[in-house]
Amino acid sequence: MKQYYWPPKLFLRFFRWFCHPKLRDHIEGDLLEYYNQQMTESGKIRADINFIVDILLLFRPGIIKPAEGYKNLDNYGMIKSYFKIGWRNIARQKLYSTINVMGLTLGICASVVIYTISSYELSFDIFHPDRERIYRVIGDITESNGDKLHFSRLPIPLFQSARTQLVGTEAIAGLIPYEAKIKINEVNNANEFESRITGTHYVTTVIADQQYFEIFKYEWLAGNATQALQAPLSVVLTESRASKYFGSLPLDKIIGKQIVYDDSLTVSVTGVIKDWSGNTDLAFTDFISFNALQTDFLKNRINSGSWKQGDMACWIFAKLSEYGTSQAVNALFEKITKPHASEIKLTAWLESLSGMHFNANVIENPIRTAHLPTLYSLMGIAIFILLLAIINFVNLSTAQSIQRAKEVGVRKVLGSSRMSLSFQFLTETFLLTMIASLLGILLVDPVLNEFKSFIPTGISLHLLKPQTIIFLTLVVLVTTLLSGFYPSLVLSSYRPALSLRGVGAKTGNEKWMLRKGLIVLQFSVSLVFITGSIVISKQLNYTQEKDFGFNADAIMIVETPWGSQREKITRLDERVKLIPGVSNVALQWVAPMVLNGRGRYIKFKSTDEKAIDVTQVAGNEDFIPLYQIKILAGRNLAHADSLKEFVINEKLARLMGCKKPEDALGRMLYWDNKPYPVVGVVADFHSRSFHEIISPLCIVNRPDREGTLAIKLFSKSNQSDLKTTLARIESAWSEIFPAATFQYTFYDDSLALMYESDQRTATLVNTSTAITIFISCIGLFGVTLFTSEKRSKEISIRKILGASIANIVIMLSKGFVLLVIIALLIASPVAMYLMNQWLQKFAYHININWSVFVLAGVSSLVLTIITVSYQSIKAALTSPVNNLRSE
Amino acid sequence: MKKYQLGEFEEVVILTIGVLYKDAYGVSIRKEIESRLSRNVSMGALHTALVRLEDKGYIKSFDGEATEERMGRPKKYFQITALGKRAMEYTKDTRNDLWRAIPKMALNPKIAEL
């Protein structure tokens, strides 16, 4: 038997790997045959070389297998066809597709916007190394009425004793925000710089302790990280700040340059650090050394040895050691503060760095905080809106599915499995979702722009960030799966024998139940929002229209410069009184109703020793008449040069045990251990926002404090009159206070500001309402469109048999009206509960009564009827001939 | 556009297939060309030409027997199709036309130099 030889295996394997499978076998055969012939003719070496050359020459485009597959063993072509068919379907059903895309676009846009906001707010100060060990010290001071006030700015000695006495910490740093005018000590540089983040009141200049740089790590571009602030009167700048001050001067030349704060404090630069790139609340740019506090200039401004509440100035940061716990340190604080209990009753504790951005309760907080519950409710709203859009999708696709029953039948007969059918319909959903996502992403920036007042500046969508990409992919996938899963299940379940015979899919009750259920769910959500916006707008109207107990119309508030002489103020008062257009002028400390009126403590005689927390309002004899506060008993304050008598409100009178206002007259009130008689009782008026109940209050005349003018004009509606009056007041002002600029506010405007956050809630809820209503309505529109199409023959026959247009419209609409009524029944208790929760924040609020729900119900019914009737009227008006002709 | 696309080497291959008639497969075609035209033919060039000819529809293939010599791999025989025949004739005719169009003098160097 003849012996056959194998050519070099490696090359044969290589050939088998690259060769197109269709050609592989016979070319291989040729190669082997030829090789064996060569072997016998010219020997092994010759044959091998020829074989290898042949293989290498075979490595060319015609022979190599194509990269994208050759036999359609994968589903590449099928998936391509899914997309093609999907796109054709979308294009064919233009109206349905538009409805679906609109809904999904809104939903996705809302969720991306809210994601952008939340991820921004959650990104603050998360880049610091060891951040879980970094804490801010908060001090609590308990007021006599039990309110605990949180302060972040604390006595400077607390920081100094903490440095020595706190065990378990690695570093403790004090930080004193310092607002100053900044100048550069250069001959040719007359520029002045701000020490705030532009447009805000957040200070960027701080007097800082060296250990601050042990807690928060910076990259040092110049100077010594451990000693830069030890040098007397030194300052460390961030890179961006340094370039603002010195332009493009090289870093080593900046060291040693001098900067002047407030024309008095001269410090020299000892270090330049790189700015942090992440979002931070601690965006300080100038770090002045702590030893600057010893200069006479700062000694006068900052009392660094005092424990008093008025001198609290210092922010304290602590970094725990590896084994330290915040509880242990909190306990140590007590030892430090106890010896000073006579000066200040302070409980200090550590607040984690991660909580800092969300703690809105800190008084005089030097950083911008975000409201965590608002963020959460925003996220909730986003999810609801997206859910509504998804429901729409499910509704419309299942409704439409019957039209595709034949397609499913044919596909199944041709051998399509349920899996691949589901996959096909999911691909269609995916296509729609992709279109919607692209549109939604395009909408994000305009939306962010629209809600500028709502959101902190600097927020924008960064599409290329990995987190954003992950989030978007997730949104697309979840939306596709949620909205596509059920319809694809329904569609793929059709039996070919039935659907091809024309019987269509089961029109059993269950599917209609589901669709109706979804509509009810949608409308319940929208109704909750509708009710919410009605209640909120009613409450806000109430706060604006309710009688405050005083009259705030056409009152102008003008503050005289701090520390002006009494004589000048009264002179201005008298001058302004003479100006035509001005009806009255009062001198006051603060207006009757302000945001942060803190209580003063008063003792009164009859039930001795009992202290009452009383809001004190100070004004001269013109105060009560100007604000038209009603006097119930006694008289107005008399003209006086010092504090002589009290006018109190009804509430205080009652607290003093007086049954009638008159009984309070003549009683003695003790304040700072001095007795004063009560000369009048006024009707209760609101001294704080409606969030709080009316507190006991007294009106006193304290000329030393009355530096503000309240100017009552006859009217502020006539613009030209207002202008001349204003010009006259200003000229009077500049005569008396030539150095100061004239500034004024209208009192009713500043009152409206008290409800700013409520206004924002209102805007938010109104927007959400609009979106949810819109989505629900387009969903309803789609379903109506479908039903009237489905029932077109029935409608035509009814018309022939004598049904009127009204009959048919009612027939088509009443089902939906019923659904909305059910939704109303479901939504009302939910809305009632939620809105009561919200109203609890107001001490004075409207009561939710049936009228709110009637209004919400009627408005949504009207919307439903408008949405439904467009289609049903159209259906009722079509000539029966058109629909029946095809039979 | 040209009516029939047939490259030089493709023409050689298809002609050889015709020569071999019922015995035209890779190795035999290669040997035939090598012996008749005394030029080296690589497997790569040959099979690319075969694939292209088949794609153009000038030849068709059918699987043949698997011999021991080929370690059990099947042979693939090629045959000229009607379209292939037309393409060959067309090429041949155009060549003939060109031949005929050449003036006699042009090919006679002695005359051409005059």
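Conventions adopted
- Residues numbered from 1 in each chain as written.
- Chains lettered and ligands numbered in written order.
- Predicted model: local features only at pLDDT ≥ 70, side-chain atom pairs only at ≥ 80, totals over all residues.
- Helix = DSSP H or I, 4+ residues; strand = E, 2+ residues; numbered from the N terminus.
- Buried ≥ 20, exposed ≤ 12 C-beta atoms within 10 Å, placed from the backbone.
- Contact = placed C-beta atoms within 7 Å.
- Pairing = 2+ DSSP bridges.
- Axes fitted to C-alpha atoms, helices over the stretch in contact; angles between N-to-C directions.
- Nonpolar A, V, L, I, M, F, W, Y, C, P; charged D, E, K, R; others polar.
- Parallel < 35°, antiparallel > 145°, perpendicular 65-115°, else oblique.
- Left-handed = near helix turned anticlockwise from the far one by under 90°.
- Core = buried A, V, L, I, M, F, W, Y, C linked by C-beta atoms within 7 Å.
- Arc of directions from axis to C-beta.
- pLDDT = per-residue confidence, 0-100.

Honestly, the overall build of chain A in this entry has me stumped. Any pointers?
From N to C terminus, chain A includes 29 helices and 26 strands. Within the span of chain A, comprising 887 residues, buried residues form 37% of the whole. Counting contacts in chain A only where the partners sit at least 6 residues apart, residues at least 24 apart contribute 82% of the total.

So what exactly am I meant to see when it comes to the overall build of chain B here?
Looking only at helices and strands, chain B features six helices and two strands. Written out in order from the N terminus, the α and β elements of chain B read α-α-α-β-β-α-α-α. Across the 114 residues of chain B, 27% fall into the buried class.

Just to check I follow, could you spell out the sheet that holds strand β25 (residues 708-713) of chain A for this structure?
Sheets are built from strands paired through backbone hydrogen bonds, the pairs being either parallel or antiparallel. Residues and elements named next belong to chain A. With respect to topology, four strands assemble into an open sheet ordered β17-β25-β16-β26, the strand pairing being antiparallel. Edge positions in the sheet fall to β17 (582-588) and β26 (745-746), since each of these pairs with one other strand and no more. On top of the sheet, helix α19 (residues 566-577) reaches β17 and β25; it is set at about 165° to β17, its chief contact.

What is the right way to read the interface of chain B and chain A from this model?
One frequent convention defines the size of an interface as the accessible area lost when the parts assemble. Taken together, the contacts link 19 residues of chain B with 20 residues of chain A. At the level of secondary structure, the elements contributing two or more residues to the side of chain B that touches chain A comprise α2 (26-37), α3 (43-56) and β2 (74-80) of chain B. Ranked by the residues each element gives to the side of chain B that touches chain A, the list is headed by α3(B), at seven residues. Here the residues of the side of chain B that touches chain A sort into six nonpolar, five polar and eight charged.

Before we go on, may I ask you to explain the packing of α19(A) against helix α23 (residues 719-736) of chain A in this structure?
Helices that pack against each other are described as a pair by the angle of their axes relative to one another and the distance between those axes. Residue and element names in this part refer to chain A. Running from N to C, α19 and α23 point in directions that differ by 155°, and their axes come no closer than 10 Å. Here α19 lies roughly antiparallel to α23, going by the angle between them. Between α19 and α23 lies a crossing whose hand is right-handed. Together, Lys568, Arg571, Leu572, Arg575 and Val576 of α19 and Ile729, Ala732, Trp733 and Ile736 of α23 make up the contact between the two elements. Its residues assigned to classes, the contact of α19 with α23 shows six nonpolar, no polar and three charged.

Before we go on, may I ask you to explain the pairing of strand β10 (residues 258-261) of chain A in this structure?
On a regular strand, one side chain projects to one face of the sheet and the next to the other, so that they alternate. Residues and elements named next belong to chain A. What you see with β10 is a clean split: Ile259 and Tyr261 sit on the buried side and Gln258 and Val260 on the side with no burial. Pairing of β10 with strand β11 (residues 265-273), which is carried by four bridges, proceeds in the antiparallel orientation. For Tyr261, the partnering residue across the bridge sits in β11 and is Leu265. Taking the residues that link successive antiparallel strands as the turn, the β10-β11 hairpin has three residues, and the phi of Asp262 there is positive, at about 50°.

Quick question: what am I supposed to make of the nonpolar core here?
Soluble, globular proteins show a tendency: their nonpolar side chains are buried together. Residue and element names in this part refer to chain A. In this structure, Ala110, Ile385, Ala389, Leu527 and Ala823 are the most contacted members of the largest nonpolar core, which totals 70 residues. At the level of elements, α5 (94-121), α13 (372-400), α15 (418-450), α18 (509-545), α25 (756-790), α27 (805-839) and α28 (850-877) are the ones that each hand at least two residues to this core. If you tally residues by element for this core, the top one is α13, at 14 residues. Beyond its immediate chain neighbours, meaning those up to four positions away, Ala823 contacts Val520, Phe523, Ser524 and Leu527. Judged by nonpolar contacts, the second largest core, of 66 residues, contains Phe216, Phe284, Trp315 and Ile316.

Where do I start with the environment of Val413(A) in this structure?
All names here are of chain A. Note that Val413 resides in helix α14 (residues 405-413). Using a count of 11 C-beta atoms within 10 Å as the deciding quantity, one classes Val413 as exposed. Sequence-wise, Val413 and Pro496 are 83 residues apart; in three dimensions their C-alpha atoms are separated by 6.7 Å.

Can you walk me through unusual backbone geometry in this structure?
With glycine set apart, most residues show a phi of negative sign, and most peptide bonds adopt trans. Even without being a glycine, Ala554(A) presents a positive backbone phi close to 55°. Within the fold, Ala554(A) resides in the loop between α18 and β16 (555-559). Ala554(A) gets classed as partly exposed once you count the C-beta atoms within 10 Å, which come to 17. For Met71(B), which is not glycine, the phi dihedral falls at a positive 55°. Residue position: Met71(B) is located in the loop between β1 (59-66) and β2. Classification of Met71(B) as partly exposed rests on a count of 17 C-beta atoms within 10 Å.

Even after reading the chapter, I still don't get the packing of helix α6 (residues 156-165) of chain A against helix α11 (residues 326-337) of chain A, so can you show me in this structure?
Residues and elements named next belong to chain A. Where α6 contacts α11, the axes come no closer than 10 Å and their chain directions differ by 125°. Our classification of the angle between α6 and α11 gives oblique. Regarding α6 and α11, the two cross each other, and that crossing is right-handed. Residues Leu158, Ser161, Ala162 and Gln165 of α6 form the contact with α11, whose participating residues are Leu332, Lys335, Ile336 and Thr337.

Explain helix α8 (residues 239-246) of chain A to me, please; I cannot follow it from the model alone.
Think of an α-helix as 3.6 residues a turn; residues three or four steps apart then line up on the same face. Residue and element names in this part refer to chain A. Regarding α8, the residues found buried are Arg241, Ala242, Tyr245 and Phe246. Buried residues in α8, looked at end-on, bunch into an arc of 110°, giving them a common side. On its buried side, α8 packs onto β5 (182-184), β9 (234-238), α9 (251-254), β10, β11 and β12 (286-289).

Any chance you could explain the environment of Tyr744(A) here in plain terms?
On the secondary structure map, Tyr744(A) appears in the loop between α23 and β26. Residues within four places of Tyr744(A) in sequence aside, it is in contact with Met556(A), Ile557(A) and Val558(A).

Help me out: how do you make sense of the confidence of the model for chain B in this one?
Any residue range with low pLDDT should be treated as having predicted coordinates unsuitable for detailed reading. Of all residues in chain B, 95% attain a pLDDT of 70 or more, and the chain-wide mean is 87. Among the prediction metrics, the complex's ipTM stands at 0.87, with pTM recorded as 0.67.

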